[in-house]
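The primary structure of each chain is shown beneath.
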Amino acid sequence: MLNLTKEFLYQKYIIDNQTIQGISDETGYTNSRIKGRLRRFGIRKHRLKLGDQIYDNKDWLYDQYIVQKKGYTVIANELDVSYTTILDRILFFGWEIRGHNSIDKGAPSRGKKRSDISIQKIKDSRIKNRIIFNCPNCEEEIEKVVSVYNKSKKSFCSLACYKDYLKKNRVVTVDITDSAEYKEWRKKVYIRDSYKCKMPGCSSNSKQIAAHHIYPKKHYPEKRFEVSNGITLCKKCHEKTFGKETNFIDALVRVIQKMND
C-alpha cells in the first residue's frame, strides 16, 4: 500500500481539498488511520484556537515537554485530558514530536515504591498475556507473548524451523512470461491503461512499466490471464509490491473498479 507521507497527505487534504473518506478510498487505508496520520503531522484545515487552559500556555508546555522531556502522553495523563489535546498544541507550537525510544518512559514512576498489590497485578498480567502452542513444523510446545504470537498467522520455535517449513511447503510456480497467452494478456493490460502507471498517488510517466497481477498468480492461477486482474505499474511502484502483493490488492481492485464505472 501507499506510504502516508506528510507531503502526500498535505497535497490530498489541503491542496486538493479531498475528504478523509476520499483519501481512504484512494489509498485503501481506514478513516481512523488517515485521521491519525493527519493529526501526527499537524495537518489541519482550520487553525487551532487556543483557550485559557494551562496546556494552552506556550511557556508552561515548553517547560514540561522540552525542558523536563516528558512525553505528551505523560502530560495528558497528569492533566486528565486526551493525548491529542497535548499533541495538537505541541505541533501547533512547532516542536518536534519525540519518538517512542527517545521518551523517558520511566520518569512518572521513578523513585516510587510499588505496593505489593501493584506488583502482584503486574505478575498476573504477564502470565495472562502469554500463550502456549505447538510449532507448526516440529510440533514442539512453545510459549510466547500474545502480542508476538498475533503478529503472524504461524509462529515457529526457531528461525531454522521456519526455513525448514518453507522448504517443505514451497509452492512451485510455472514461468509463463514467455507464453503467447501471457504476452497477449500483458498487451491488453497496457492498452487499457494507456501504458501508464496506475498506482494510486503515482504520477510517473516512465516507460519502464510492468503488467502486475493484482491477485498473485501463484495463489490464484485461475486469474492469471484475466485482464481485470492486471494493472500497469512503473518499475518503482512494481518493486514496492515485491513480497507484499496481498497488501495492495484492495487499493488496486478499487482502481480497476473506477476504470470500469
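Quick notes on the rules
- Here the residue numbers are simple positions, counted from 1 along each chain's written sequence.
- Only residues with pLDDT of 70 or above have their local features reported here, since the model is predicted, and side-chain atom pairs are shown and tallied only from 80 upward, although totals for entire chains, interfaces and linings are computed over all residues.
- Think of the side-chain values as coming from all heavy atoms in the structure, minus any hydrogens and water.
- Only residues whose relative accessible area exceeds 30% and that form no salt bridge are eligible for patches; like-charged ones are grouped when within 9 Å, while nonpolar side chains (Val, Leu, Ile, Met, Phe, Trp, Tyr) are grouped when within 5 Å.
- Note on areas: Shrake-Rupley, 1.4 Å probe, and residue coverage restricted to the protein chains presented here.
- Just to be clear on terms, a salt bridge is a Lys or Arg side-chain nitrogen sitting within 4 Å of an Asp or Glu carboxyl oxygen.
- Strands are runs of DSSP state E lasting at least two residues, helices are runs of H or I lasting at least four, and both sets are numbered from the N terminus onward.
- Accessibility here uses a 1.4 Å probe with only protein chains present; expressed as a share of the type maximum, an area under 20% marks a residue as buried, one over 50% as exposed, and anything in between as partly exposed.
- In summary, the pairing rule links any two rings of Phe, Tyr or Trp, Trp by its six-membered ring, whose centres are within 6.5 Å, and it sorts them by plane angle into stacked for under 30 degrees, edge-to-face for over 60 and tilted for everything else.
- The criterion is simple. A nonpolar core is a set of buried Ala, Val, Leu, Ile, Met, Phe, Trp, Tyr and Cys residues joined through side-chain atoms within 4.5 Å.
- Contact definition: two residues touch when any of their heavy atoms are within 4.5 Å.
- Note on geometry: axes are C-alpha line fits, over the in-contact stretch for helices, and angles between N-to-C directions span 0 to 180 degrees.
- An angle below 35 degrees is treated as roughly parallel, one above 145 as roughly antiparallel, one from 65 to 115 as roughly perpendicular, and anything else as oblique.
- Working rule for handedness: look at the near helix, and if it is turned counterclockwise from the far one by less than a right angle, call the crossing left-handed; if clockwise, right-handed.
- We call Asp, Glu, Lys and Arg charged. Ala, Val, Leu, Ile, Met, Phe, Trp, Tyr, Cys and Pro are nonpolar, and the rest, Gly among them, are polar.
- Under the convention used throughout, the expected extent of a helix is 1.5 Å for every residue step, that is, one less than its residue count.

K.L.:
Mind laying out a nonpolar patch on the surface, listing which residues take part and the relevant values?
P.N.:
A contiguous nonpolar surface patch, about 290 Å² in accessible area, is contributed by L159, Y162 and L166. Turning to its location among the elements, L166 is positioned in helix α9 (residues 159-168). L166 sits in the partly exposed class, given a relative accessible area of 39%.

K.L.:
Can you break down the pattern of salt bridges residue by residue, with the values?
P.N.:
Taken as a whole and judged by the stated rule, the model has six salt bridges. The salt bridge partner of D164 is K168, with a shortest N-O separation of 3.2 Å. Residue D164 and its partner K168 are both found in helix α9; the two are separated by four residues, about one turn of the helix. K168 gets classed as exposed once you look at its relative accessible area, which sits at 57%.

K.L.:
Now, about the packing of aromatic side chains: what can you tell me, with residues and values included?
P.N.:
Applying the stated rule across the entire model yields eight aromatic pairs. The interplanar angle of 65° and the centroid separation of 5.7 Å between the aromatic rings of Y62 and W95 together place this pair among those described as edge-to-face. With Y62 in helix α4 (residues 58-67) and W95 in the loop between α6 (83-92) and α7 (116-128), the pair connects residues that are 33 residues apart, well separated along the chain. Classification of Y62 as partly exposed rests on a relative accessible area of 40%. Every member of this aromatic cluster is reached through a ring pair, and the members are Y62, F92, F93 and W95.

K.L.:
Give me the nonpolar core: which residues, what numbers.
P.N.:
In this structure, L9, I34, L38, M199 and I231 are the most contacted members of the largest nonpolar core, which totals 24 residues. Those elements that place two or more of their residues in this core are α1 (6-15), α2 (20-27), α3 (31-41), β4 (230-234) and α12 (249-260). No other element matches the four residues that α12 contributes to this core. Setting aside residues up to four positions removed in sequence, L9 forms contacts with L4, I14, I23, R37, L38, F41 and I43. Among the nonpolar cores identified, the runner-up in size contains twelve residues, and Y55, Y65, I86 and F93 belong to it.

K.L.:
Give me the packing of α1 against α2: which residues, what numbers.
P.N.:
In a packed pair of helices, the relevant descriptors are the angle between the two axes and the axis-to-axis distance. The contact between α1 and α2 brings their axes to 10 Å, and the two run at 130°. In this view, α1 runs oblique relative to α2, as classed from their interaxial angle. Relative to α2, the crossing made by α1 is right-handed. Of the residues in α2, those touching α1 at F8, L9, K12 and Y13 are I20, I23, E26 and T27. Class assignment for the residues of the contact of α1 with α2 results in five nonpolar, one polar and two charged.

K.L.:
Give me the lowdown on α12, citing residues and values where you can.
P.N.:
Over its twelve residues, α12 extends 17 Å from the first C-alpha to the last, a length consistent with the 16 Å expected when each residue adds 1.5 Å. For α12, the full list of buried residues reads I249, A251, L252, V255 and I256. On its buried side, α12 packs onto α2, α10 (180-192), β3 (209-213) and β4.

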